[in-house]
Amino acid sequence: MKVLGIETSCDDTSVALYDGDGGVVENLVSSQADLHGVFGGVVPELASRAHLVNLLPLVDLLLRRRELRLRDLDGIAVTAGPGLLGALLVGLSTAKALARAAELPLVGIHHIEGHILANALTAELVLPAVVLVVSGGHSELVYMPEIGRYERLGGTVDDAAGEAFDKSAKLLGLPYPGGPHIDRLAAGGDPTRFELPRPLIHDERLIFSFSGLKTAVRLTVEQLPRPLSDRDVADVCRGVQDAIVDVLARRLAQAARRHHVRAVYLAGGVAANGGLRERVAADAAARGWHFVPPARVYCTDNAAMIAYAGHCHLAAGRRDGLDLDSFARAPLASWR
Ligand code: KG4
Ligand code: ZN
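First, a word on scope: everything that follows refers to the structure included in this document. (Residues numbered from 1 in each chain as written. Chains lettered and ligands numbered in written order. Predicted model: local features only at pLDDT ≥ 70, side-chain atom pairs only at ≥ 80, totals over all residues. Heavy atoms only, no water.)

### A short note on the overall build of the protein
Here is step 1: For the protein, the count of helices and strands is ten helices and ten strands.
Here is step 2: In terms of C-alpha radius of gyration, the protein reaches 20 Å, essentially the compact-globule figure of 20 Å for 336 residues.
Here is step 3: In the protein, buried positions account for 55% of the 336 residues.
Here is step 4: At a minimum sequence separation of 6, the contacts of the protein that also span at least 24 residues come to 73%.
Here is step 5: As displayed, the protein offers around 14200 Å² of accessible surface, 51% of which is attributable to carbon and sulfur atoms.
Here is step 6: Taking the average place of the 35 positive charges on the side chains of the protein and the average place of its 39 negative ones, the gap between the two points comes to 2 Å. (Helix = DSSP H or I, 4+ residues; strand = E, 2+ residues; numbered from the N terminus. Rg over C-alpha atoms; globule rule 2.2 N^0.38 Å. Buried < 20%, exposed > 50% of the residue type's maximum accessible area, 1.4 Å probe, protein only. Contact = heavy atoms within 4.5 Å. Areas by Shrake-Rupley, 256 points an atom, 1.4 Å probe, with all protein chains shown as cover. Lys, Arg positive; Asp, Glu negative; His and termini not counted. Charge placed at Lys NZ, Arg CZ, Asp CG, Glu CD.)

Here's what the structure looks like:
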């Protein structure tokens, strides 16, 4: 079964092809990072317009590269939400028009389910599992007994982990999105110089809070001489990353212990973080949990994860009508 995936929920325009026989055969991503970088964050209207300009040419490119026509496909999967509404509407309208024109089944995918199932593109899933979903818009712990069944165990009470990375990076004068820059610079930073707070670390609940960390980073940076030296920047990056990773990894382990799972997983853009992957790998090895970090290309927003999720839905006989709606926010619901 060949499924075309379309992802336009934020600032990456992506189309992919998942083939039940061959796995991911194409995953094209047109990043808008340069476009939004000058503003220090995503400008929703610019994102929608860039999707409008780039999406159909990307679909055409994918079909040409694979020497396929729309009618050779078996279905279309599109991110229905959560995300920026204008951006989602571009993907949804395009997916509906293509599905209608080629008389293909259409299925709307929850973006978070896409991130979670991206793990299946790297290695076969071991279940039941707890998944830590950490991106620019989400920080959630999800219990997954099987594909299609999800239980939200907790999440952030303020900023998402990716936001905490990006806002800290901005305070250090690093480009947007700052997460990957902090990751790279932290590797050469001194872990003992800046001990930043681990908010709610002793709380029994499975919740995160990152707004206090942002304030602590601001106060730390304000006390440093200007211009900031490379050493100071690297040391603060290390402090920020260690604090965020410590909080995330402890909560993931807490959730995994409570639910007696066989595996733990990471999902979302922050799952690409080297420090987080190392720490979770060490925790999992110590506890006997299965853990394989997802391939980095499938951590940040991509349509391969949406195409694969669509494949799962369609294989289970689930599909949506042409009245499929978008949503800016909604919890991940089970469909099985
Ligand atoms: O999943 P994603 O591409 O988009 C959303 O759904 O939000 O996640 C983007 C987020 C950004 O905040 C970015 O800074 C962060 O993921 N990110 C990272 C790394 N790569 C991306 N954060 C820390 N370390 C990284 N290596
Ligand atoms: Zn995402």
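### Some details on the site of ligand 1
Here is step 1: Around ligand 1 sit 20 residues in total, of which Gly136, Asp166, Asp183, Asn273 and Asp301 are the nearest.
Here is step 2: Glycine 162 is positioned with one of its backbone polar atoms (N or O) 3.3 Å from an oxygen atom of ligand 1.
Here is step 3: Between ligand 1 and the protein, one listed contact pairs an oxygen atom with a side-chain N or O atom of aspartate 166 at 2.6 Å.
Here is step 4: Considered on its own, ligand 1 offers 550 Å² of accessible surface; in the complex 90% of this is hidden by protein. (Near = heavy atom within 4 Å. Polar contact = N/O pair within 3.5 Å; in protein donor to acceptor, adjacent residues only side chain to side chain.)

### Concerning the sheet that holds strand β9 (residues 207-208)
Here is step 1: Across the sheet, which stays open at both edges, the five strands sit in the order β9-β8-β7-β6-β10 with mixed pairing between neighbours. Only two strands of the sheet have a single neighbouring strand rather than two, namely β9 and β10 (263-267).
Here is step 2: Packing against the sheet, helix α9 (residues 274-287) makes contact with β6 (129-134) and β10, and its axis sits at approximately 175° to β10. (Pairing = 2+ DSSP bridges. Axes fitted to C-alpha atoms, helices over the stretch in contact; angles between N-to-C directions.)

### Thoughts on the coordination of the zinc ion (ligand 2)
Here is step 1: At 2.0 to 2.1 Å from the zinc ion (ligand 2) lie its protein donor atoms, namely His111 (NE2), His115 (NE2) and Asp301 (OD).
Here is step 2: Relative to the metal, the four donor atoms surrounding the zinc ion (ligand 2) lie at angles of 92 to 142°, and the coordination shape comes out irregular.
Here is step 3: If you list the donors of the zinc ion (ligand 2) from N- to C-terminus, the spacing comes out as H-x3-H-x185-D. Of this pair, histidine 111 sits in helix α4 (residues 111-117) while aspartate 301 is found in the loop between α9 and α10 (304-315), placing the two residues 190 residues apart along the sequence. (Donors = N, O, S within 2.8 Å, 3.2 Å for Na, K, Ca; no water. Tetrahedral: all angles 85-135°; square planar, octahedral: opposite > 155°, others 65-115°.)

### Topic: the sheet that holds strand β2 (residues 12-19)
Here is step 1: What the five strands build is an open sheet, ordered β3-β2-β1-β4-β5; its pairing is mixed. Each of the sheet's edge strands pairs with one partner strand only, and the pair in question is β3 (23-31) and β5 (106-110). Adjacent strand axes in the sheet meet at a mean angle of 20°, parallel and antiparallel pairs treated alike.
Here is step 2: As paired strands, strand β1 (residues 2-7) and strand β4 (residues 75-81) are joined by four bridges and run parallel to one another. By the bridge assignment, leucine 4 is partnered in β4 with isoleucine 76.
Here is step 3: Each of β1, β4 and β5 touches helix α3 (residues 85-102); the most contacted strand, β4, lies at about 160° to it.
Here is step 4: On top of the sheet, α10 reaches β1, β2, β3, β4 and β5; it is set at about 130° to β1, its chief contact.

### Regarding the pattern of salt bridges
Here is step 1: Overall, the coordinates contain 23 salt bridges when judged by the stated rule.
Here is step 2: For lysine 167, the salt bridge goes to aspartate 159, with nearest N and O atoms at 3.3 Å.
Here is step 3: For lysine 167, a relative accessible area of 29% puts it in the partly exposed group.
Here is step 4: The exposure class assigned to aspartate 159 is buried, which follows from its relative accessible area of 9%.
Here is step 5: Arginine 231 is the salt-bridge partner of aspartate 235, the closest N and O atoms lying 2.9 Å from each other. Placement of the pair is aspartate 235 and arginine 231 together in helix α8 (residues 230-258), with a separation of four residues, close to one helical turn.
Here is step 6: The network of salt bridges with shared partners includes Arg198, Asp246, Arg250, Arg279 and Asp283. (Salt bridge = Lys/Arg side-chain N within 4 Å of Asp/Glu carboxyl O.)

### Observations regarding the pairing of β10
Where a strand is regular, its side chains alternate between the two sheet faces.
Here is step 1: In terms of burial, β10 is a largely internal element, five of the five residues being buried.
Here is step 2: Taking every second residue as pointing to the same face, both faces of β10 are buried, with Ala263, Tyr265 and Ala267 on one and Val264 and Leu266 on the other.
Here is step 3: Pairing analysis gives five bridges linking β6 to β10, with the strands arranged parallel. Directly across from valine 131, in β10, lies its bridge partner tyrosine 265.

### Quick look at empty space enclosed by the protein
Here is step 1: Going through the model one piece at a time under the given rule, you end up with one cavity of 30 Å³ or more.
Here is step 2: Considering only enclosed or pocket space, the largest cavity measures out at about 40 Å³ in volume.
Here is step 3: Lining the largest cavity are Ala249, Leu252, Ala253, Val264, Val280, Asp283, Ala284 and Trp289.
Here is step 4: Elements with a contribution of two residues or more to the lining of the largest cavity: α8 and α9.
Here is step 5: Looking at the lining of the largest cavity, its residues break down into seven nonpolar, no polar and one charged. (1 Å grid on protein atoms, 1.4 Å probe; cavity = no way out; pocket = protein on both sides within 12 Å on 5 of 7 lines; lining within 4 Å. Points joined across faces, edges and corners; volume = space filled by probe spheres on them. Nonpolar A, V, L, I, M, F, W, Y, C, P; charged D, E, K, R; others polar.)

### Considering the packing of aromatic side chains
Describing an aromatic ring pair means giving the distance of the ring centres and the angle of the ring planes.
Here is step 1: In this structure the tally under the stated criterion is two aromatic pairs.
Here is step 2: Relative to tyrosine 308, the ring of tyrosine 18 has its centre 5.0 Å away and its plane inclined at 70°; by these criteria the two rings are edge-to-face. Of this pair, tyrosine 18 sits in strand β2 while tyrosine 308 sits in helix α10; the two residues are 290 residues apart in sequence, bridging distant segments of the chain.
Here is step 3: Given a relative accessible area of 11%, tyrosine 18 falls into the buried group.
Here is step 4: With a centroid separation of 6.1 Å and 15° between ring planes, the pair formed by phenylalanine 208 and phenylalanine 210 is classed as stacked. (Phe/Tyr/Trp six-rings, centres within 6.5 Å; stacked < 30°, edge-to-face > 60°.)

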